[in-house]
Structures are given as C-alpha cells and as structure tokens.
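As a plain string of letters, each chain reads:
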Amino acid sequence: MLGRAAKATCSRSGLVRGVSQVLADPMAWNQAPVTVTTLSNGVRVATKESFSETASVGVYLDAGTRNETSETVGATYLLEQLSLTGTAKRPMEKLESEVESLGASLEMSYGREHSSFAMHLFNKDLAQGVDILADMVTAPGVANLDKDKAKILWKLDITEQPTRRVIDDRLHACAFRDYSLGFSTCGPFDGIENLTQAHLKQYIDSNYTAEKMVIAASGGIKHGEVVKLAEKAFGSVKAGPPVVGTTKPYFCGAELLYRNDEMGPTAYIAVGWEAVPWKSPDAVTFMVMQSIIGSYKKNSGLVPGSISGNRVINAVANKMGVGCADEFECFMNFYKDTGLFGFYIACDEVAVEHAVGELMFGCNLLSFSVTDEEVERAKRELKATLVNGSGSSMESCNEVGTQVLAYGRGLPPAEMMLRIDAVDAEEVKRVAYKYLNDQEIAITGLGPLHGMPQFYSMRQKTTMVRY
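Predicted model only: the values in this text are computed from it and were never measured.

Colleague: Pulling in residues and values, what's your account of the overall build of the protein?
Modeller: Scanning the protein from N- to C-terminus turns up 16 helices and 12 strands. Its C-alpha atoms give the protein a radius of gyration of 24 Å, near enough to 23 Å, the size a compact globule of 467 residues would have. Along the three orthogonal principal directions, the C-alpha set of the protein runs to about 75 × 70 × 45 Å. A burial count over the protein gives 50% of its 467 residues as buried.

As structure tokens, then:
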C-alpha cells in the first residue's frame, strides 16, 4: 500500500513538473524565445525576435568597477568618458555623424559588474550598427587619454551627483570595504590622476575578453544574420586566461556617516543586509520581499500613503500625523556571488529616528509576521513591474544581455511568473529569518543626522527584543 502511495506521489510530482516545464516555455505564452549561440572563441550571441521595423543591438560585458584593482581605481570611469571621444578608425566627429546619419541612438552603461554599449536603429542598418559597436569595444579611444584627461577630471570635480547614487555608493563602500565590489562608481577616485594609457589597456586586455562578452539583439532581426555579423566583427576577440578562483566579498557590519547640519533640513540614510546572488534559489523570494516593503514618495501616486494597504507605507505616511519620511525605497542588488538588500530614506532631520525605526520594524516583521494578503499583493505588484515596461526593442535587448550575463540564458517572463507564484508567506518568513533576523547591517547617512540612533541600537532592531 505504501509502495502504491509512493508511486502515485511520484507520478503526481512528475506530472506537476512536466506541466510546469510546458507552462514555462515562452511559446506557451505566445512569446519569442531567447536564442543563444556561442561562437568558436567563446563570444555568446543572444537574440529575441519580434515584428518591427527597428531593432536594438548591444555588446554586454561582464566587467565593471569590481574588476578594478587598487592600482586601477577609476579606470572604468575614464573608459566611460573616453568612449565617445572616437576610435582610431572613427574619430569623434565621424562617429557622431555616422550615428546621426543612421537615425540611431547610442547608449552606454558602466556598473559594478556589467558594462554595455547598445544602439537602436532601423533593421536595414543592423550590419553598420554592429560594426560601430565592435569598433568602440575592441578599439576604444584610450589614445585620447592624454589630451582629454584634464577635461575629464575637471568635469568629475564640478559634476553634482544625485544624492541617491552617492548614498548607494557609500553603502557599498561600507558593506564591502575590503573588496573591489565596494569601489566607487561615481567618485571621487583616489589616484585617478595617475592612471595612464598602460593602466587602461591592462584593464581592457583583462576584461574585454571573449568569454565575458555577450552580443544581444532584439526586434525585427534574424538570429542567423546576427550570428554572422558577430562572427565577422567579434570573431577575432581573444579569450582571457583561465579564471582564477576569487574569494566571496566579506560583508562588514558597520556604519559610515557624513553628518552635515548645514546642508539643509533633509537627511539621507541607507541600511543594507547581505543577501543572495543572481542564481540563488532564494533570489525570487528576495524580490517579493522587496515588493512587500515597497517604495513611497510623499504627495505622489494614485493612492495616498495614509490609506495604503502596504503596512510599511501606511505607518510611515501616518507617523507624527504628517508622516515621517519624504520618500523611501526598498532595494535588492544582485551580484554574481553575493547581494545587498535594504532600504533608502529621505526624511526631515527631526523625524530620522521615527523613519528609520518604521523601516527597520517593517523589515524585521518579514521574519515573523507576514500575512498571505501582503504576499499576494506584493506578488501582483512585482509581476506588474516585470511586464509593464515600455515594450521597446532597446529595453528587451538590455534585458536579454543582462540575463545571459547573469544566468547564462534568457529567462522567459512565463518562467518568472511561475517562480513568483511558488512563493508564499511561510517561504518569505523562512528566507527573511535566515538572512535578515539578527544579522549584521551596514549603514550610511548624509546630512543633519543628530537624530540618528546609535549603531548598537540599530543592530538591536534587526531582531525582536522580547525582554
């Protein structure tokens, strides 16, 4: 009898697994699949076809500030600034006129782990677009460093960075201070004035290699055509040396505060916990947890925060009768071997303790008191966020490139929906208790922080104090 029951259970689980695999297939949801081909030298080509007169193509690199060393800090920023100064084949004037003559748009992005060069253009101009991108990636304007360095450093010195970006930068510096993951992405960069062409070339030779490169395209294109163009333009890119094992960045529980009572009445604070990498089984649960906490901006949005169904938003909006924060946002940053989960707050100097306390309490409750209603609402909002994009080929191209770098494949929305549906309140409590409850935290703040609780008090707020 037990044998029959076990056999029936196995057959049911096999049926469920089979149905899930079928439902996760993009074609079951009338979606184009992501097709990936690896060239002989290791460059991956990923495409997602659609019916359109335009297309987007991009080069996505597994390289960013994390790949810098103590001698090359700031190399990523210099390469970003030099990207549009032209190449040996295309001086700046020729590069600009060629892109404009195609009616195309060119976008570049340099982050902590990934960098990208992408173009949006007409289908008939795809070959020329790939050639331009190949020229910018394989022969960047490093030779222009000597004549443009003074202007680049002057621009870095006078440019005002968004406070949100600065806080995020300082939080990484605090949390991963002994590793390159904590290097700045927006400056200042220690020793950047001493970097030479040799340093930049060393960075490029080490990181702009075949196995770290993904050519992604989306729109009215054919996969075979993109593969041929990629083979012609990137087939000569050399593979890098064997990958050397690296140590997972150590998360340091600490605080890094920049108190300045004269910069205005608003304080800016961020708190982060060590989380999970891209491929972790708990990654989707963290995305749901991010949606449970949510984001809030005073006097904006369709539903006022004071009557919001989100417990944290409602508490923040009604605290002190007028609300204790101008805005807050819960964030989840995934990396290849770690992650950073936390929240950012902008609030009045007299409400710092209240705002921080409400957000810490909300994150603490994820481990003990999450209702099915909260989880279902968060799952609906997360799904809407994932599918309610602009639908442009550029957005699709960026998504494909990032996913292939992170997961090694395209992740269909259908599969993501099934993974989100599998999360329930008990799973949220399990993951939150494992990673957030009574765990180390990194804190950074800027502005009038006279109301900021002491670090030991903040650390105490990561768990329920029952005595």
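Further notes follow.
Colleague: Now, about the sheet that holds strand β11 (residues 339–348): what can you tell me, with residues and values included?
Modeller: If you trace the six strands from one edge of the open sheet to the other, you get β7-β12-β8-β11-β10-β9, paired in mixed fashion. Strands at the two margins of the open sheet, each flanked by one partner only, are β7 (254–259) and β9 (295–297). Strand-to-strand, the axes of this sheet are offset by a mean angle of 15°, without reference to chain direction. Both β7 and strand β12 (residues 441–447) contribute to a ladder of six bridges, which runs parallel. Residue pairing for β12: Y258 is matched across the bridge by L446. The sheet contacts of helix α9 (residues 283–293) involve β9, β10 (327–334) and β11, and relative to β10 the element is tilted by about 175°. Helix α10 (residues 311–318) contacts β9 and β10 of the sheet and is inclined by roughly 30° relative to β9.

Colleague: How would you explain the side chain of D337 if you had to name every residue and give the values?
Modeller: Inspection of the secondary structure puts D337 in the loop between β10 and β11. Within the structure, the side chain of D337 is placed 2.7 Å from the side chain of R66, a separation counted as a polar contact. With sequence-adjacent residues up to four places away left out, D337 is seen in contact with R66, T247, K248, P249 and P277.

Colleague: Quick one: what's the story with the environment of A346, residue by residue and with numbers?
Modeller: Relative to the helices and strands, A346 is located in strand β11. Residue classification places A346 among the buried residues on the basis of a relative accessible area of 3%. Sequence separation of A346 and V322 is 24 residues, and the distance between their C-alpha atoms is 15 Å. Sequence-distant contacts of A346, that is, excluding residues within four places in its chain, are made with T266, A267, Y268, A325, D326 and E327.

Colleague: So what's going on with the nonpolar core? Which residues, and what values?
Modeller: Ranked by internal contacts, the top residues of the largest apolar core, which has 56 residues, are F286, F341 and L366. A total of eight residues in this core trace back to one element, the largest contributor, which is α9. In this structure L366 touches M289, I292, I293, F341, V428, K429, A432 and L436, once residues within four positions along its chain are discounted. Core analysis: the next-biggest nonpolar cluster, separate from the first, contains 53 residues, V57, M136, V227 and F234 among them.

Colleague: Describe unusual backbone geometry, naming the residues involved and giving the relevant values.
Modeller: Look at the link from G187 to P188: it is a cis peptide, with omega at 0°. Within the fold, P188 resides in the loop between α6 (163–175) and α7 (197–207).

Colleague: Outline the sheet that holds strand β5 (residues 115–122), supporting the account with residue identities and numerical values.
Modeller: Taken in spatial order, the six strands of this open sheet run β1-β2-β6-β3-β5-β4, and their pairing is mixed. The strands lining the two open edges of the sheet, one partner per strand, are β1 (35–38) and β4 (105–110). The sheet shows a mean angle of 15° between the axes of neighbouring strands, taken without regard to direction. Strand direction decides the pairing type here: strand β3 (residues 54–61) and β5, joined by eight bridges, are antiparallel. Paired with T54 across the two strands is F122, which belongs to β5. Packing of helix α13 (residues 393–407) onto the sheet brings it into contact with β1, β2 (44–49), β3, β4, β5 and β6 (213–219), and relative to β3 it is tilted by some 30°.

Colleague: Tell me about the layout of surface pockets, and please be specific about residues and values.
Modeller: The space that makes up the second largest pocket amounts to roughly 850 Å³. Every residue lining the second largest pocket is counted, 29 residues in all, and those nearest its centre are N67, N207, K212, V244 and T246. Per element, the largest residue contribution to the lining of the second largest pocket is five residues, and it comes from α7.

Colleague: Give a detailed account of a nonpolar patch on the surface, specifying residues and quantitative values.
Modeller: On the surface, L302, V303 and I307 cluster together to form a nonpolar patch covering roughly 370 Å² of accessible area. Following the sequence through the fold, I307 ends up in the loop between β9 and α10.

Colleague: Account for the confidence of the model for the protein, with residues named and values stated.
Modeller: Summarising the model, the protein shows a mean pLDDT of 91, and 93% of its residues fall at 70 or more. Confidence scores differ between elements of the protein, with helix α1 (residues 2–24) showing the lowest mean pLDDT of 44 and strand β8 (residues 266–274) the highest of 98. Here residues 1–19 is a poorly scored stretch, pLDDT under 50, and it has zero contacts once near neighbours within four places are set aside; other chains count.

Colleague: Can you break down the packing of α10 against helix α11 (residues 352–365) residue by residue, with the values?
Modeller: Where α10 meets α11, the closest approach of the two axes is 10 Å, and the angle between their N-to-C directions is 160°. Taken together, the axes of α10 and α11 are roughly antiparallel relative to one another. Here the hand of the crossing between α10 and α11 comes out right-handed. When α10 is examined against α11, the residues R311, V312, A315 and V316 are found in contact with a partner set consisting of E358, L359, G362 and L365. Taken together, the residues of the contact of α10 with α11 sort by class into five nonpolar, one polar and two charged.

Cut-offs used in this document
- Residues numbered from 1 in each chain as written.
- Predicted model: local features only at pLDDT ≥ 70, side-chain atom pairs only at ≥ 80, totals over all residues.
- Heavy atoms only, no water.
- Helix = DSSP H or I, 4+ residues; strand = E, 2+ residues; numbered from the N terminus.
- Rg over C-alpha atoms; globule rule 2.2 N^0.38 Å.
- Buried < 20%, exposed > 50% of the residue type's maximum accessible area, 1.4 Å probe, protein only.
- Pairing = 2+ DSSP bridges.
- Axes fitted to C-alpha atoms, helices over the stretch in contact; angles between N-to-C directions.
- Contact = heavy atoms within 4.5 Å.
- Polar contact = N/O pair within 3.5 Å; in protein donor to acceptor, adjacent residues only side chain to side chain.
- Core = buried A, V, L, I, M, F, W, Y, C linked by side-chain atoms within 4.5 Å.
- 1 Å grid on protein atoms, 1.4 Å probe; cavity = no way out; pocket = protein on both sides within 12 Å on 5 of 7 lines; lining within 4 Å.
- Points joined across faces, edges and corners; volume = space filled by probe spheres on them.
- Patch = residues over 30% accessible without salt bridge, like charges linked within 9 Å, V, L, I, M, F, W, Y side chains within 5 Å.
- Areas by Shrake-Rupley, 256 points an atom, 1.4 Å probe, with all protein chains shown as cover.
- Salt bridge = Lys/Arg side-chain N within 4 Å of Asp/Glu carboxyl O.
- pLDDT = per-residue confidence, 0-100.
- Parallel < 35°, antiparallel > 145°, perpendicular 65-115°, else oblique.
- Left-handed = near helix turned anticlockwise from the far one by under 90°.
- Nonpolar A, V, L, I, M, F, W, Y, C, P; charged D, E, K, R; others polar.

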